[in-house]
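Residue-level structure breakdown
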Amino acid sequence: MIHTQLQSAPHFYIVGAAKAGTTAVWTWLQSHPDVFLPDVKEPGFFAFEGENATPHNGPYDPNYVSEVTTDAQTYQDIYSGAGDRICGDVSPVYLIAEHAAARIAAARPDARVVILLRDPVKRAFSQYLHHVRDCLEPSMTFEAALDAENERLAQGWSWGHGYATHGHYARQIERYLDVFPREQILFLTHEDSQSDPEKCWHLLCDHLQLAACPMPNNERVNETANLSSVSSRAGISRALRHPGAIQTAVKRMIPKFVRSRLRKTLEGAGRPVPQLRTGTRAKLSKQYMPERSTLEKLTGLSLGHWT
């Protein structure tokens, strides 16, 4: 289904890419007095409309899935407190979801769209580290995860496990350019948001037709760079950390200090944070290089600083 039946739809959409700075932009926009963003950080409605957001296979984040909005009424309800403010939806899954662009265009032809891009090699590894941190990645190395990627996605693992796959941005961007005029889409890079956040903020406000507003506090968010160690028993850690019937029963029966000691024993000592190997970096860079000139033409960005 492409056409979405909504009485009203948000004015703007930050559609990705994942691990390219969307959380920072979400944080910035929350501070603007004329903007309303729902408490649900990533509603995902235009990717999962009418579907079950739970992956068919593999580990996944139950908190993320529980907040995904899949029906029109619920989606409209999360914007009920907006008043006269400009509404936005920040859902990185929209860039890779096949029908999201067309659905957004059908519901809101005048929507303003923002696409953030990041060096695809660094984006892929950052996504991997995110999953390692949250015990959602069974492979002990990035290379093993990459080797398993195509089979995993074919089996219905979560979209977040498309580490290398989702760094091929050209087709993703073309889907938006097919249904929106070029002037309704703003392209930014993660690198620019880090090196010159104030410039990106003003470009963002101008594109979204927001009143000029001082640059918000720019604390880095959603980072994995400061990890000191990760779990060496991802399956056990995931079972202990993620909510479920067993965890609820254990909390009722066992005091907190006992649970804490038991958890440390079961999880064992952590392991060093995986590092991106030079050979893997080079292999991925070679994979992405052929489409770089196409990306630059599509976006107007200069991407020579990418790996």
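Each value, and the rule that gives it
- Residues numbered from 1 in each chain as written.
- Predicted model: local features only at pLDDT ≥ 70, side-chain atom pairs only at ≥ 80, totals over all residues.
- Heavy atoms only, no water.
- Helix = DSSP H or I, 4+ residues; strand = E, 2+ residues; numbered from the N terminus.
- Contact = heavy atoms within 4.5 Å.
- Areas by Shrake-Rupley, 256 points an atom, 1.4 Å probe, with all protein chains shown as cover.
- Salt bridge = Lys/Arg side-chain N within 4 Å of Asp/Glu carboxyl O.
- Buried < 20%, exposed > 50% of the residue type's maximum accessible area, 1.4 Å probe, protein only.
- Axes fitted to C-alpha atoms, helices over the stretch in contact; angles between N-to-C directions.
- Parallel < 35°, antiparallel > 145°, perpendicular 65-115°, else oblique.
- Left-handed = near helix turned anticlockwise from the far one by under 90°.

Counting its regular elements, the protein chain contains 15 helices and 5 strands. Considering only intrachain contacts with a sequence separation of at least 6, the fraction spanning at least 24 residues in the protein chain is 79%. Carbon and sulfur atoms provide 51% of the accessible area of the protein chain, an area that totals close to 15100 Å².

Quick look at the pattern of salt bridges now. Close approach of charged atoms allows side chains of opposite charge to pair. Inspection of every chain in the model, using the stated rule, returns 8 salt bridges. As a salt-bridge pair, Glu143 and Arg277 come within 3.6 Å of each other at their nearest N and O atoms. Note that Glu143 is positioned in helix α7 (residues 142–154) and Arg277 in the loop between α13 (256–267) and α14 (278–288), a separation of 134 residues in sequence. Of the residues examined, Arg277 reaches a relative accessible area of 47% and is grouped as partly exposed. One salt bridge connects Arg171 with Asp178, and the closest N-O pair in it is separated by 3.7 Å.

Packing of helix α6 (residues 120–133) against α14 brings their axes to within 9 Å, and their N-to-C directions diverge by 125 degrees. By the criterion of interaxial angle, the relationship of α6 to α14 is oblique. Crossing of α6 against α14: the hand is right-handed. Residues Pro120, Val121 and Lys122 of α6 form the contact with α14, whose participating residues are Arg281, Leu284, Ser285 and Tyr288.

The next thing to look at is the environment of Trp201. Tracing the backbone shows Trp201 in helix α10 (residues 197–207). Look at Trp201 and you get buried, because its relative accessible area is 0%. Each C-alpha atom, one on Trp201 and one on Ala212, is 9.6 Å from the other, the two residues being 11 residues apart in sequence. Excluding residues within four positions of it along the chain, Trp201 makes contact with Trp28, Leu29, His32, Cys213, Pro214, Met215 and Pro216.

What follows concerns unusual backbone geometry. Here Gly16 and Ala17 are connected by a cis peptide whose omega angle stands at 5 degrees. Checked against the element boundaries, Ala17 lands in the loop between β1 (12–14) and α1 (22–30). Phi is positive for Lys19, close to 65 degrees, though the residue is something other than glycine. Topologically, Lys19 is positioned in the loop between β1 and α1. The phi angle at Gln209 is positive, at roughly 60 degrees, despite the residue not being glycine. Looking at the element boundaries, Gln209 is found in the loop between α10 and α11 (234–241). A residue is classified by how much of its surface remains accessible, and Gln209, at 59% relative accessible area, is exposed.

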